[in-house]
Each structure stands twice: as structure tokens, then as C-alpha cells.
Amino acid sequence: MKRSFIREILEHTNSNTISFAGGLPDEKLFPLEGIRDCANSVLQSAKVLQYAKSSGLESLRELIAQSYTKRGFKTSPEEILITSGSQQALDVILRSIKSKNITVEAPSYLGAMNLFTLNGIKTEAVELKKNGIELNSFKQSVANTKLAYLIPDFQNPTGISYSQECRDMVAETIKKHNAILVEDAPYSELYFEKFIPSISSKIPNSSYHLGSFSKTLAPALRVGWIRASRELLKPLLAYKEVMDLHTNMLSQEIISCFLSKPKLYDEHLQSIRNSYKSKMEFFTQELDKKIPEFKYIKPKGGMFVYVKTDIDVYKLLDRAMQNGVVFVPGGEFYGDSENRSEIRFNYTNSTQEQISKGISLIANALQEL
Ligand code: PMP
């Protein structure tokens, strides 16, 4: 299996390199104090260090279920399975459903594509357009695969978010073909304008909705979840058990404590949205000013700006790396197809100074080419 090109790029960087490559959240926004207080509080009891249930901590399942219900997607704790990040959520699902083919967006999340390969699942790629997946090809593909993996909210890598019409049509297609949707939504809370209801909420019995605390609290906690009907969740438990018995209990207890404190999580989420929005605005202003030939769709949330250009971005990356700045060529997110003219930029893990300097260095690299 191919190694992640992103990880290889990161290995060629040093502490002076400006990186727009990794999909890292801003660690200055990690709620260190709140997490420390909760860690202290839950560690008063030895019980948190004991083996526990595979389905996850009951209080946390309850809190996650409540947050779905509050937003109009009625959910009970029995419809939540806690996983070790949403990466494991996807792995558990793929092992249990044993499909041979899956419809995916092109481009799509690399960690998912690698999982499909590992599980022997063939991907059918459908073009991702400005307002979501291209619907005619999507309908044809789902009629065949009966399974789709989509990232409708501020997608990784493109930052695109599906329009309401596109969401409705996807739900209708899944229903019509008796298919299953895996909706990966780790960025859904990072909206700059308003919360957008999930596709799964329209088809609760034929979907897995995947969530994660990696982008909202901290990725090192390794806690994510699956929201699905009891019928769909039941067979997953045996796989979850085999994989790691249960998700880290200390992390689950800390998150449950954090979420239980009035307003703390809501205020924290709002501060992340504000910060990422202003970083995105600054990043795109700098691009417009210094490299106007780069075209992009301004993201309405999430962590990425995706650029289309007509130069060879792999050659540009070589130059840029020598100048001390890195990014990921969009071709890495396309599976087999050859694409050398797109770039994913992460804007969340750099300061304004780094963004300004990094984009100047890329503009210089472009001149040198
Ligand atoms: N899905 C997508 C679309 C992602 O971008 C990521 C992380 N970059 C994941 C899943 C995995 O996240 P987690 O840390 O929750 O495993």
C-alpha cells in the first residue's frame, strides 16, 4: 500500500518550515485548562482506569445523542457507538459490511481511500462540483455499488460543502436504491455561517453518520463516534471488540466531563469558528494579493482552501520546499487519476505572519519556475 505523501512531505520539513500541508487543528485553541481540570476531576476515582464497555461510556453516548436531538435529528444513546477517532469508525463499518464497491467523491480523504484499499474495496469516483457531488454520475454509480462514502461538510481536501438541493437528491438516491450512506462529518461544527443539517438526518435508517472530537477538542484524545440505527450498529460491536476492546476510557471521561459543564463547549466551539474564519479570510486575501492566478472557492467552514491552477504543482512543491514552505498537491487525493494542477492548503495551524511569509515564498517559487 502507498504511504501517505503528506507524511512523507512532513518528514522533509524542519522547525523553520512553514507548513500548509498537514490537516492540523490550531493547538493554541486546545482547551488545555478545561481538559486539565476534567482530567484531575475524573482521576479521583480508580474506576476510570478499568476495562469498560465496547459501545462506550454511557454518559458520553447520552451527551452526543442529546446534541443530535437538539439539532432536530432525534437520536438515543443506543444509536451511538464510541470509536477511537472517526478513522476507526470507518474501519469498523467497512469490516462489517463487506462490500466490494463504494461510490466516493473525487477528490476524497486519503485516510479513507487507504482504508478502502486495505479492505479490498474498489472505489467508483464521482466528480465533486462547487455545490456537491455530480448527481447524474452519483445516481448511476449508487445504483451499482449500493454504498457511498461522502464528506458533505467543508470537505477534506476541497473545503466544499453540499447545497441543500444536493443533500436532498443524495438522500433520495440512497433511499431509491436501498443503498447505505457513510457520511463522514468531522468538520460539521466548524461552520463560519450556520449549522447545516446532515444528509443522514433525512435517511436515519440507511446511514452511518461519523463524528469526531479531533477538530473540536483535541485529536490526541482519539475519540470519535458512529450515529446509526440500532439495527445497523448491532453487527459493528463485534468488530469494535476485536479491534481494541473499547475506546480509551480516560479520554471518554474527560470529554464527558467537559461537555457536561454549562456553556463551556459551546463557547469553545464558537471561539474556534471565529479564529478559523479570520485565518481563512487572511489566507485568501494573501492569495488574491500575491498569486491572483490561483483560483479557489472560498470555504464556508472547515480547515482547507483548495486551489486550481494551470501549472505543474509537483514542480512548484519541489521549489517551494527548497524555499521553506510546503503544501499538498491535490493529485494525492485522487486515487488512480493523474492530476497535477490542484493544491490543498491548510490554514488553521499557521499564524498570520507564517501565512503571509509562506504565500510570499510560494509566489517566489512560482516566479523561479
Ligand atoms: N475523516 C476525515 C474527512 C478527516 O479529514 C479525518 C482526519 N483528518 C478523519 C476522518 C479522521 O479523524 P479522527 O482524528 O477522528 O480519526
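Quick caveat: nothing in here was measured; it's all calculated off a predicted structure. (Residues numbered from 1 in each chain as written. Predicted model: local features only at pLDDT ≥ 70, side-chain atom pairs only at ≥ 80, totals over all residues. Heavy atoms only, no water.)

Our next topic: the pairing of strand β6 (residues 147–150). Burial along β6 is two-sided: the residues L147 and Y149 and A148 and L150 are all buried. Note that strand β3 (residues 101–106) and β6 share two bridges and pair parallel. Along β6, the bridge assignment pairs T103 with A148. Following the chain from β6 across helix α7 (residues 164–176) to the adjacent parallel strand β7 (residues 180–184), one finds a crossover that is right-handed. (Buried < 20%, exposed > 50% of the residue type's maximum accessible area, 1.4 Å probe, protein only. Helix = DSSP H or I, 4+ residues; strand = E, 2+ residues; numbered from the N terminus. Pairing = 2+ DSSP bridges. Right-handed = clockwise from strand over helix to strand, strands pointing away.)

Around the ligand, the surrounding shell holds 13 residues, and the nearest of these are D184, Y187, S212, S214 and K215. D184 has a polar side-chain atom sitting 2.5 Å from a nitrogen atom of the ligand. Burial of the ligand by the surrounding chains reaches 90%, relative to a free accessible area of 400 Å². Placement of the ligand is best described as lying within the largest pocket. (Near = heavy atom within 4 Å. Polar contact = N/O pair within 3.5 Å; in protein donor to acceptor, adjacent residues only side chain to side chain. Areas by Shrake-Rupley, 256 points an atom, 1.4 Å probe, with all protein chains shown as cover. 1 Å grid on protein atoms, 1.4 Å probe; cavity = no way out; pocket = protein on both sides within 12 Å on 5 of 7 lines; lining within 4 Å. Sits in = over half its atoms within 2 Å of the grid points.)

Before going further, it helps to examine the domain arrangement of the protein. A common way to state how big an interface is: give the accessible area lost once the parts meet. Once the domains are mapped, the protein shows domain 1 (5–23 + 265–368) and domain 2 (32–260). The C-alpha centroid of domain 2 is placed 26 Å from the C-alpha centroid of domain 1. Contacts between domain 1 and domain 2 engage 23 residues on the former and 26 residues on the latter. When the two sides are added together, the surface that domain 1 and domain 2 hide from each other amounts to roughly 2300 Å², 69% of it contributed by carbon and sulfur. For domain 1, the biggest contributors to the area lost against domain 2 are Y265, R273 and K300; these three give 29% of the whole. The interface formed by domain 1 and domain 2 includes one salt bridge. Sorting the residues of the side of domain 1 that touches domain 2 by element identifies α11 (264–290) and β11 (304–308) as the ones contributing at least two each. Counting residues per element, the side of domain 1 that touches domain 2 draws most heavily on α11, at eight residues. Its residues assigned to classes, the side of domain 1 that touches domain 2 shows 14 nonpolar, four polar and five charged. (Domains from an automatic or database assignment. Contact = heavy atoms within 4.5 Å. Buried area = accessible area lost by both parts, 1.4 Å probe. Salt bridge = Lys/Arg side-chain N within 4 Å of Asp/Glu carboxyl O. Nonpolar A, V, L, I, M, F, W, Y, C, P; charged D, E, K, R; others polar.)

A separate point is the state of the cysteines. Applying the stated rule across the entire model yields one disulfide. Paired through a disulfide, C38 and C257 show a sulfur-sulfur distance of 2.2 Å. Disulfide C38-C257: the torsion about the S-S bond is -75°, which places it as left-handed. One end of the pair, C38, is in helix α2 (residues 32–42); the other, C257, is in helix α10 (residues 249–260), with 219 residues separating them in the sequence. Here C257 falls in the buried class, since its relative accessible area comes to 15%. (Disulfide = S-S within 2.5 Å.)

Once that is clear, we can look at the pairing of strand β8 (residues 207–212). Judged by how many residues are buried, β8 sits mostly within the fold: six of six residues are covered. Burial of the side chains of β8 extends over both faces: S207, H209 and G211 are buried on one face and Y208, L210 and S212 on the other. Two strands pair when backbone bridges link them, and β7 and β8 are joined in this way by four bridges, in the parallel orientation. By the bridge assignment for β8, L181 is matched with S207. In this structure, β8 lies alongside strand β9 (residues 224–227), joined through four bridges in antiparallel fashion. Considered in β9, the bridge of L210 is made with I226.

Along an α-helix, residues three or four positions apart point the same way, because every turn accommodates 3.6 residues. Where helix α6 (residues 135–145) is concerned, the buried positions are F138, S141, V142 and T145. With its buried residues spanning 100° around the axis, α6 presents them on a single face. Counted as exposed and oriented over 90 degrees from the buried face of α6: N136 and Q140. Here the buried face of α6 lies against β3, β4 (122–129), β5 (132–133), β6 and α7. The N-cap residue of α6 is E134: its side-chain oxygen and the backbone nitrogen of N136 are 3.3 Å apart. Once α6 ends, the next one or two residues include K146, with phi positive near 65°. (Arc of directions from axis to C-beta.)

Turning our attention to the pattern of salt bridges. In this structure the tally under the stated criterion is 18 salt bridges. The closest approach of N and O atoms between K53 and E58, which form a salt bridge, is 2.1 Å. You can call E58 partly exposed: its relative accessible area is 46%. Here E342 makes a salt bridge to K308, at a shortest N to O gap of 3.8 Å. Taken together, the residues E342 in strand β14 (residues 342–346) and K308 in strand β11 connect sequence positions 34 residues apart. Sharing partners across several salt bridges, the network here consists of R71, E189 and R273.

With that out of the way, let us pick up the sheet that holds strand β13 (residues 328–329). Strand order in the open sheet formed by four strands is β10-β11-β14-β13, with antiparallel pairing between adjacent strands. The sheet is open, and its two borders are formed by β10 (295–296) and β13, each paired with just one other strand. Looking at chain direction, β10 and β11 are connected through two bridges and run antiparallel. Looking at the pairing, Y296 lines up with V307 of β11.

Take the environment of R61 next. Within the fold, R61 resides in helix α3 (residues 58–70). For the pair formed by R61 and D153, sequence separation is 92 residues and the distance between their alpha carbons is 22 Å. Residue contacts for R61: discarding those within four places in its chain leaves S55, G56, P77, E78, I80 and I82. Within polar-contact distance, the side chain of R61 engages the backbone oxygen of P77 at 3.2 Å.

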